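# Examining the three-dimensional arrangement
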Amino acid sequence: MTKSVRYQKGQLYPEHSAWFVRYRERPRQQEGSIKNERRSKRLGSMQDYPTKSEIEPVRIAFMQKVNSGQVTADECMTVLEFVEAVYLPWAQTELRASTHKGYREIWENHMSGRVGQIRVREFRTVHASRMLRAIAGEHNLRKSSLQHIKSVLSGIFTHAKNEGAFDGANPVQGALIPNSARESGETYAYNLAQILRILNVLPLLPQAVVATASLAGLREGELRGLEWPDYTVEQLSVNRSAWREFVNKPKTRASRQPLPVIPKLATILDAYRASMHHPSTGVMFHHGNGERMDMDKLAQRVIRPAVQAIGLQWYGWHGFRRGIASNLYALGANEKTVQRILRHAHPHVTKERYIKAFDAAVIEAMGRLQATVEVLESVSSNRPAGADKAHAKLLIENRGEMAEWLKAAVC
């Protein structure tokens, strides 16, 4: 026998100068069970609806939504319940381990205590704005960090819409980053003269790592992921990225493109390979145990002290990646070619949409990079005084003395 469906009318009542309706729902609990709970919904202020007859159509419309099932169990969840029970488990399965870890830390450190108790379906843009202002006031974060926090929260509501827990426009997208937040710090890049100085003072193993980062532009995780079959004298294939014990494919399809190897880099990698007894398989960069090298520890213990010992600042692994982009651009490579060499997939990374460059253009640009390396090495004794410290970046719109000297050297 089919059980009859009970339709609720809802109990209308006034409170705190507003009209509310009381009804029952069956929300999903954090452990997954469902139970009946009494709910209340604010329908409008008594100033806008002075009489019961005027608020009655609003009550009818809302209860029709409840009775038709448009208000689902998931919609009754708080943001905390949704994130812990739905979003983070999904992120752990679908996203990279490093991404999931970062999202969880942002949720626990900045969001959970501020917006966790708000129901998903009742979340408004004002809640996100207040949260961002509170975080900015308490932690003095940069605008870029606040934008990242906002993006994570926006992703949560995008997933809520896909799961049927939320309808309508994403309420986070309209939230503003506080103007009082700190501006993002300037990023830096090593010029070729600085790169050569760093390479000259490093032992062979860290020298090979830095050369691959600065003369091929690989990311930190891609350096850890390199294996000997990925390398030939002519090119490097980027087939994987490693973070802690997790090994994934490179982050985008564009990131998987092979790269030309200039002779300077090949010479260093071949010398390093010979020191390891010419392996043909296995991890490329390791301490002798075959396990992937911890690049942060290598930088902290070896590379950073060596860089500082010659009077330079340590800008992190991305200082080398930004370096190859700045150097190639200053030497005349167009943005599309630089984008191809860095394997960017999105326009905001290299200012325009990813378009695959002709291989000939890539090889020509890398050949010019090698030619400049050779010129710098051959005339290092005649280098202009202070050239290494002229600029941290080689930007085409502000070349400076060092960039003009490089241009003259290769033209």
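Residues numbered from 1 in each chain as written. Predicted model: local features only at pLDDT ≥ 70, side-chain atom pairs only at ≥ 80, totals over all residues. Heavy atoms only, no water.

## Quick notes on the overall build of the protein
From N to C terminus, the protein includes 15 helices and seven strands. Counting every position in the protein, which comprises 411 residues, the buried fraction comes to 44%. The long-range fraction of contacts in the protein, counting pairs at least 24 apart against all pairs at least 6 apart in sequence, stands at 63%. As displayed, the protein has an accessible area near 21600 Å², and 48% of this comes from carbon and sulfur atoms. (Helix = DSSP H or I, 4+ residues; strand = E, 2+ residues; numbered from the N terminus. Buried < 20%, exposed > 50% of the residue type's maximum accessible area, 1.4 Å probe, protein only. Contact = heavy atoms within 4.5 Å. Areas by Shrake-Rupley, 256 points an atom, 1.4 Å probe, with all protein chains shown as cover.)

## Some words on the side chain of Ser237
With respect to the secondary-structure elements, Ser237 resides in the loop between strand S4 (235-236) and strand S5 (241-243). Among the residues examined, Ser237 registers a relative accessible area of 18% and is labelled buried. Leave out the neighbours within four places in its chain, and Ser237 touches Leu226, Asp230 and Pro258.

## What to know about the side chain of Lys264
Along the chain, Lys264 falls in helix H9 (residues 263-275). Apart from residues lying up to four places away in sequence, Lys264 is in contact with Leu196, Leu215, Gln370, Val373 and Glu377.

## Details of unusual backbone geometry
The residue Asn140 is not glycine, and still its phi comes out positive at about 55°. Summarising the element assignment, Asn140 is placed in the loop between helix H4 (125-139) and helix H5 (143-162). Its identity is not glycine, yet His277 carries a phi of approximately 70°, on the positive side. Positionally, His277 belongs in the loop between H9 and helix H10 (295-309).

## With respect to the pairing of strand S2 (residues 18-25)
Counting buried positions along S2 gives six out of eight residues, so the element sits mostly inside the fold. Note that strand S1 (residues 11-15) and S2 share five bridges and pair antiparallel. In the sheet register, Glu15 faces S2, and the bridge partner there is Ala18. As consecutive antiparallel partners, S1 and S2 are separated by two residues, and within that stretch His16 has a phi angle of approximately 50°, a positive value. (Pairing = 2+ DSSP bridges.)

## Examining the confidence of the model for the protein
Reading predicted coordinates in detail is not appropriate for stretches of low pLDDT. On average, residues of the protein carry a pLDDT of 80, and 81% of them reach 70 or more. Below a pLDDT of 50 lies the segment residues 1-5, which in the model reaches zero contacts outside its immediate sequence neighbourhood of four places, other chains included. (pLDDT = per-residue confidence, 0-100.)

## Overview of the nonpolar core
Counting 56 residues, the largest nonpolar core has Ile198, Leu265, Phe285, Trp317 and Leu328 as the members making the most contacts within it. Taken together, the elements giving at least two residues each to this core come down to helix H6 (192-201), helix H7 (204-216), H9, H10, helix H11 (317-330), helix H12 (335-342) and helix H14 (359-378). The greatest single-element share of this core, amounting to eight residues, is contributed by H7. Setting aside residues up to four positions removed in sequence, Trp317 forms contacts with Val209, Val210, Ala213, Glu220, Leu223, Met295, Asp296, Ala299 and Ile303. Judged by nonpolar contacts, the second largest core, of 33 residues, contains Leu132, Phe157, Ala160 and Ala175. (Core = buried A, V, L, I, M, F, W, Y, C linked by side-chain atoms within 4.5 Å.)

## Looking at the sheet that holds S1
Taking strand neighbours across the sheet as the criterion, the three strands line up as S1-S2-S3 in an open arrangement whose pairing is antiparallel. At either margin of the open sheet sits one strand with a lone partner, and together these are S1 and strand S3 (37-45). Geometrically, the sheet is characterised by an average inter-axis angle of 30° between neighbouring strands, direction not taken into account. Of the pairings in the sheet, the one linking S2 to S3 comprises eight bridges and is antiparallel in character. Within the sheet, the bridge partner assigned to Tyr23 lies in S3 and is Arg39. Sheet contacts for helix H1 (residues 52-67): S1, S2 and S3; angle to S2, the most-contacted strand, approximately 25°. (Axes fitted to C-alpha atoms, helices over the stretch in contact; angles between N-to-C directions.)

## Examining the packing of H11 against H12
Remark: H11 packs on H12, axes separated minimally by 10 Å, with the N-to-C direction vectors making an angle of 150°. As far as their axial angle goes, H12 and H11 are roughly antiparallel. Classified by chirality, the crossing of H12 by H11 is right-handed. Packed against H11, whose contacting residues are Arg321, Ile324, Ala325, Leu328 and Tyr329, the element H12 presents Glu335, Val338, Ile341 and Leu342 at the interface. Tallied by class, residues from the contact of H11 with H12 come to seven nonpolar, no polar and two charged. (Parallel < 35°, antiparallel > 145°, perpendicular 65-115°, else oblique. Left-handed = near helix turned anticlockwise from the far one by under 90°. Nonpolar A, V, L, I, M, F, W, Y, C, P; charged D, E, K, R; others polar.)

## So, H4
The terminal C-alpha atoms of H4 lie 21 Å apart, and with 15 residues this matches the ideal 21 Å at 1.5 Å per residue to within 8%. Among the residues of H4, those classed as buried are His127, Ala128, Ser129, Met131, Leu132, Ile135 and Ala136. Residues of H4 that are buried in the fold lie against helix H3 (97-115) and H5. (Expected span 1.5 Å × (residues − 1).)

## Re the packing of aromatic side chains
For the structure on display, the rule yields 14 aromatic pairs. Seen in terms of ring centroids, Tyr190 and Tyr315 are 5.0 Å apart; in terms of plane orientation they differ by 35°. Their pairing is tilted. One end of the pair, Tyr190, is in the loop between H5 and H6; the other, Tyr315, is in the loop between H10 and H11, with 125 residues separating them in the sequence. Judged by its relative accessible area of 23%, Tyr315 is partly exposed. Among the aromatic residues, ring-to-ring pairing joins Tyr188, Tyr190, Trp314, Tyr315, Trp317 and Phe320 into one connected group. (Phe/Tyr/Trp six-rings, centres within 6.5 Å; stacked < 30°, edge-to-face > 60°.)

## Quick notes on the pattern of salt bridges
Under the criterion given, the structure shown has 11 salt bridges. Across the salt bridge formed by Glu183 and Lys143, the nearest N and O atoms sit 2.9 Å from each other. Note that Glu183 is positioned in the loop between H5 and H6 and Lys143 in helix H5, a separation of 40 residues in sequence. (Salt bridge = Lys/Arg side-chain N within 4 Å of Asp/Glu carboxyl O.)

## Regarding helix H2 (residues 79-94)
Along H2, the sharpest change in direction is near 35° and occurs at Tyr87; proline Pro89 comes one to four residues later. Among all positions of H2, only Val79, Phe82, Val83, Val86, Tyr87, Leu88 and Ala91 are buried. As for H2, its buried residues are in contact with H3 and H5. (Bend = angle between axes of the 7 residues up to and from the residue.)

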